[in-house]
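Commentary on secondary and tertiary structure
For reference, the chains in residue letters:
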Amino acid sequence: MTGGRTDDEVPADPAPRRRGRPSRKAGTTGPDARARILEAARTEFAERGYDKTSIRGIAKAAGVDSALVHHYFGTKDEVFAAAVELSFEPALVIPAVLGGGTEGLGERLAGYFIAVWENPASRAPLLAIMRSALTHEAAANVLRGFVLRRLLERVAEALDVPDATFRAELAASHMLGIAMLRYVVRAEPLASAPPEKIVEMVAPTLQRYLAEP
């Protein structure tokens, strides 16, 4: 038909959206959408590992547009960091660990760390994180930054002890080493040892690292 668009003509592509801004068809926004994205990210990282997980894949699993993932979390590294935090929940843990003062601190911290790994809901994404950190520098940076800055350094600094960062790194190396051997490598007899026995053996060392002069 002259002067108008024929049925065979295809309209021009719409203008690209700005990165990080969800489209009108992105799905439900708000806390529910954010939580769905985060749970989907945990599952994707656990099943696919860091390298094979993508923002698009996370969005598809959560039932939202990729732009909404960028809107809430930014980059893939930031989604990864949020997934780590969801497993450890530092905002809840740090007050509980420090609540009893320095006495028994090592036992409380060891008990919390082992309990996180013993929980099947948090173990799967943590296994993916540990494995990814061995081969991908970005994943290693996320794990290192979270464990040190978001968890152990906060504990050490709250106790007002000298060399807080060094103490935090020693504690982190001890606990991550246990996680690697017990849950990733599954070295025996550590892999089959009762959790309470591990806490009993590890607690005095963490106590010395973080609380003693």
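Everything quoted here is computed from the prediction, not taken from an experiment.

Okay, the overall build of the chain next. Summing up its helical and strand segments, the chain has 10 helices and 0 strands in all. Reading the secondary structure of the chain in the N-to-C direction produces α-α-α-α-α-α-α-α-α-α. Look at the contacts in the chain between residues 6 or more apart in sequence, and 69% of them connect residues 24 or more apart. Of the accessible surface of the chain, which amounts to about 12100 Å², a share of 53% is contributed by carbon and sulfur atoms.

Let's shift gears to the pattern of salt bridges. Within the structure shown, the criterion is met by 2 salt bridges. We note a salt bridge from Arg48 to Glu44, for which the minimum N-O separation is 2.9 Å. Residue Arg48 and its partner Glu44 are located together in helix H1 (residues 31-52), separated by 4 residues, close to a single helical turn. Across the pair Glu118 and Arg182 runs a salt bridge whose closest N-O atoms are separated by 2.9 Å. With Glu118 in helix H6 (residues 105-118) and Arg182 in helix H9 (residues 164-184), the pair connects residues that are 64 residues apart, well separated along the chain. We classify Glu118 as partly exposed; its relative accessible area is 26%.

Bringing unusual backbone geometry into the picture now. In this structure, the amide linkage connecting Glu188 to the following residue, Pro189, adopts the cis form with an omega of 10°. For Pro189, the location among the structural elements is in the loop between H9 and helix H10 (195-210). Phi is positive for Asp163, close to 55°, though the residue is something other than glycine. By the secondary structure assignment, Asp163 is in the loop between helix H8 (137-158) and H9. Of note in this structure, Arg186 is not a glycine but carries a positive phi near 60°. Structurally, the position occupied by Arg186 is in the loop between H9 and H10.

Criteria and cut-off values
- Residues numbered from 1 in each chain as written.
- Predicted model: local features only at pLDDT ≥ 70, side-chain atom pairs only at ≥ 80, totals over all residues.
- Heavy atoms only, no water.
- Helix = DSSP H or I, 4+ residues; strand = E, 2+ residues; numbered from the N terminus.
- Contact = heavy atoms within 4.5 Å.
- Areas by Shrake-Rupley, 256 points an atom, 1.4 Å probe, with all protein chains shown as cover.
- Salt bridge = Lys/Arg side-chain N within 4 Å of Asp/Glu carboxyl O.
- Buried < 20%, exposed > 50% of the residue type's maximum accessible area, 1.4 Å probe, protein only.

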